[in-house]
Structure formats: structure tokens, C-alpha cells
Amino acid sequence: MTVSREEVLAVLARVALPGGGNLVDRDLIRALRVEGDTVAFVIEAPTPAEAQVLAPVQAAAEAALRALPGLRNVQVVMTAHGPAPKAAPPQGLKIGGHAAPHQGGPKRVSGIDRIVAIGSGKGGVGKSTVSSNLAVALARQGRRVGLLDADIYGPSQPRMMGVNKRPASPDGKTIIPLQAHGVTVMSIGFMLKEDEAVIWRGPMLMGALQQLIEQVAWGDLDILLIDLPPGTGDIQLTLSQRFALTGAVVVSTPQDVAMLDARKALDMFGKLKVPVLGLIENMSTYVCPNCGHEAHLFGHGGVAAEAAKLGVPFLGELPLDLDTRLAGDAGTPIAAGQGAMAEAYARLARRLIDGGMA
Ligand SMILES: Nc1ncnc2c1ncn2[C@@H]1O[C@H](COP(=O)(O)OP(=O)(O)OP(=O)(O)O)[C@@H](O)[C@H]1O
């Protein structure tokens, strides 16, 4: 028995807040994901002080969801924005400290030729899948590639790239990234225990992001791909303001609602002066493996049309493909093998290389 997003929201709407209202009508839920028997989301408190007040609410929400038949894993993270109390000085390697004061414009990271962010307006459109496969496809074409999983609310790269162990830090400062399928990989997921519910305050998230870029011994890279969280939040803002990005690639499905959100992401990159290198349509066509019939479950061609309308490059379309999902779940991206999907990613990679973007 599976639980729907609506059922989860209905339960959360019954969790009352001190001072009135509930988690849903006070709009505190972010990045809600319901997948099989797992639900994960973020409670975004307006301030660190309110995050403390809301701690019992977090516990009540978790308990209410655990009572739903069909749900086995409930992962709730609390974040808060605004000034946070001063942190104790770090002892050994600690991730999620406060970001160092920032002066001047976006800066280059030494040894890294290009930084390309992969974003989406909506969650679940395949941004992480595209990031891992593109990274592998670029590496197969001889590029020196790094992949940073900055999806702090739901890191997917440990699973998709098939690596998950805590990276070494010989001096308590430098972090040694992991290697998988020819790609140098770092994920916030490597630093967290599974199911760990940490209170990540907004400023701490920013500190974590900065550490993941600057303290990781990336070595010399032709390109660092950054798998962003969905949407247009603090991570996107901090990243663009602090680091000189070569550009951003936006992934969307052709579905109208996904495109609507993708437009917001494009608008955000425009405002932040990050060049949009192109749009990718994911899950565009489904070819039945039994009869070969083509169906367009989320529509088709909408992303190419939008790219043409906005005057940004359309980088290609990737079909909805069972083997892509299975490969991602198994930790070996489909681009690492042979066949039509590996070739589609190889074409995408070639296009970026030929355009000087990778
Ligand atoms: N082209 C595809 N064909 C089949 N399955 C796909 C495809 N692209 C992605 N998926 C599957 O869809 C699910 C969501 O993909 P993914 O995690 O890459 O999305 P996302 O946009 O990064 O999501 P989020 O932002 O919520 O982390 C995964 O199970 C993935 O394997």
C-alpha cells in the first residue's frame, strides 16, 4: 500500500503549531518527497529561535506520519534562516559551519577550469540522474570531471554513483573526495549518517556548501558539475554569488507544471547573471520495450519550444527509460555502459565539449 503526497499533506495539516495554524497553512514545508514507503521533507523555520520552538512540532509530525500504514521511513530535517548563534570553534573536520565572510564578487576555484550547475525548478525531474550520467559521459571522453552533490535536502549521488563512505580528512580540514566511474565525487550525503535528522540552519547550509567546494581536494578539473537542490533557494543564491560559475544547465520534463517551475529557475539564473548553457528535456518519450510503441507520458517537445522562445540552447531530450532508473538505483549510471542511452549521454557530453562548456 503506497501513501500519496496528498495524504502526507493532510496529516501535516493536522499538526498544530504553537501560536496557531499548522505546518501546511503556515507554509513551512519544503522539498517534500514521497517515494514508496519513504517520506522526506524539510521544515523551514523563519528563525533559529523559532526552530527551537518548533522542535516538538517536528517530533509530532514524525509520529503522526509513522502512524500512517505504508510508511516505514520518515525523514524530517529542520532548517532556519536569519542570524544563528555563534558556533563553537570547530574541532577536527566538521561540516555545516558558518560560511566565511564574503568579500568581492564571485571567485574562481583554483585548479577547476569550469563550474557548471545543474538545476531544475521542480524536484524529481531527473536532475541528479542527468548530473551523474553527464559526469560519467564527460569522463569517458577524457575530461577530468568532478561531481558535487549539493542537494543538501536529499543527496542522491551516493546511491547513483555507487559510493558511500566517509571521506578521509588527514588534517581535519582538507576533505579527500571519493572516486567512482572515472569521476571525482563529493556529496553532503557522505558526511551524514543515514536517517540523521540534523538541524541545518540556513547559514550552516551555506557554510557546508562553501566547505564542499573549497575544502575538498578536487585536484585539477576540466569541469565541476554541481547537482543543485530543486527550486530557487539559498543554495543557488550563495553558489552564484560566491563562485564564478561557467553557467547553468536546467533540466525539466515537458509537463506544463514542471516547465512553469523551470522558467522560475531560468529567471533566477538570469537575475544572478549566471549564463544558461542550455535546457534538457528529460522523460520526454517512453518506448514500450515489448511492442515498441512510443508514448509521451509527460508531453513532448515543450522544453525545446521553451528554449527557442527564450533564445537559449536546447541541449537534447532523454527518454523515460526503465534501465536508466535501474542503473541509477544500482549505482552504475547508464552512461557507463553501452546502448542507446549511453550514446544519448555521450552526444550530450560531446555537445558541451565542442561548445567549450566542458
Ligand atoms: N529518463 C529517465 N527514465 C527513467 N527514470 C528516470 C529518468 N530520469 C530520472 N529517473 C528516475 O526518476 C527519479 C527521480 O530522478 P532524480 O532523483 O534524478 O530527480 P531530481 O530532479 O534530482 O530529484 P530531486 O531534486 O527531488 O532530488 C529517480 O528514481 C530516477 O532514477
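Residues numbered from 1 in each chain as written. Predicted model: local features only at pLDDT ≥ 70, side-chain atom pairs only at ≥ 80, totals over all residues.

Enquirer: Whenever I open this one, the site of the ligand confuses me. Can you help?
Expert: In the vicinity of the ligand, 21 residues are found, and the nearest of them are Gly123, Gly126, Lys127, Ser128 and Thr129. Of all the secondary-structure elements, those providing two or more residues to the shell around the ligand are α4 (127-140), β11 (276-287), β13 (314-320) and α10 (322-330). Among the residues forming the shell around the ligand, the class breakdown is five nonpolar, eleven polar and five charged. (Near = placed C-beta within 6 Å. Helix = DSSP H or I, 4+ residues; strand = E, 2+ residues; numbered from the N terminus. Nonpolar A, V, L, I, M, F, W, Y, C, P; charged D, E, K, R; others polar.)

Enquirer: Explain α10 to me, please; I cannot follow it from the model alone.
Expert: Two residues of an α-helix separated by three or four positions point the same way, owing to the 3.6 residues in each turn. Of all the positions in α10, only Thr324, Ala327 and Gly328 are classed as buried. The buried side chains of α10 occupy one side of the element, clustering within an arc of 100 degrees when seen end-on. Facing away from the buried side of α10 by over 90 degrees, the exposed positions are Leu322, Leu326, Asp329 and Ala330. Once α10 ends, the next one or two residues include glycine 331, with phi positive near 90 degrees. (Buried ≥ 20, exposed ≤ 12 C-beta atoms within 10 Å, placed from the backbone. Arc of directions from axis to C-beta.)

Enquirer: Quick question: what am I supposed to make of the domain arrangement of the protein chain here?
Expert: The parts lose accessible area when they come together, and the size of an interface is often stated as this lost area. Assigned domains of the protein chain: these are domain 1 (5-80) and domain 2 (115-354). Each of domain 1 and domain 2 has a C-alpha centre, and the two are 27 Å apart. (Domains from an automatic or database assignment.)

Enquirer: Can you walk me through the nonpolar core in this structure?
Expert: For soluble globular proteins, nonpolar side chains are generally found buried alongside one another. Judged by nonpolar contacts, the single largest core of 98 residues is most densely connected at Leu225 and Ile226. Residue contributions to this core reach at least three from each of two domains, namely domain 1 (5-80) and domain 2 (115-354). Leave out the neighbours within four places in its chain, and leucine 225 touches Val116, Ile118, Ser131, Leu134, Ala135, Val145 and Leu147. (Core = buried A, V, L, I, M, F, W, Y, C linked by C-beta atoms within 7 Å. Contact = placed C-beta atoms within 7 Å.)

Enquirer: Sorry if this is basic, but what is going on with the pairing of strand β10 (residues 247-252) here?
Expert: Regular strands show a simple pattern: their side chains alternate between the two faces of the sheet. Within β10, five of the six residues are buried, which leaves it mostly tucked inside the rest of the structure. Alignment of strand β4 (residues 115-119) against β10, held across four bridges, turns out to be parallel. The residue bridging valine 116 from the neighbouring strand is glycine 247, located in β10. Looking at chain direction, β10 and β11 are connected through five bridges and run parallel. Bridge pairing links valine 249 to glycine 278 in β11. (Pairing = 2+ DSSP bridges.)

Enquirer: Looking at this structure, I do not really get the UniProt feature "domain: MIP18 family-like" (unreviewed entry) in the protein chain. What am I missing?
Expert: Here, UniProt's "domain: MIP18 family-like" (unreviewed entry) annotation points to residues 5-76. Helix makes up 36% of residues 5-76 and strand 26%, with an end-to-end C-alpha separation of 15 Å. (UniProt positions renumbered as here; feature names shortened; annotations may be inferred.)

Enquirer: Got a minute to help me understand the UniProt feature "binding site: ATP" (unreviewed entry) in the protein chain in this structure?
Expert: Within the UniProt annotation, "binding site: ATP" (unreviewed entry) is assigned to Gly121, Lys122, Gly123, Gly124, Val125, Gly126, Lys127 and Ser128. As for its placement among the helices and strands, valine 125 is situated in the loop between β4 and α4. By the element assignment, lysine 127 lies in helix α4.

Enquirer: Can you walk me through the environment of proline 177 in this structure?
Expert: When you line up the elements, proline 177 lands in the loop between α5 (157-161) and β6 (178-180). Taking the C-alpha atoms as reference points, proline 177 and leucine 237, 60 residues apart in sequence, are found 24 Å from one another. Excluding residues that lie within four positions of it along the chain, proline 177 makes contacts with Pro167, Thr184, Val185, Met186, Val216, Ala217 and Trp218.

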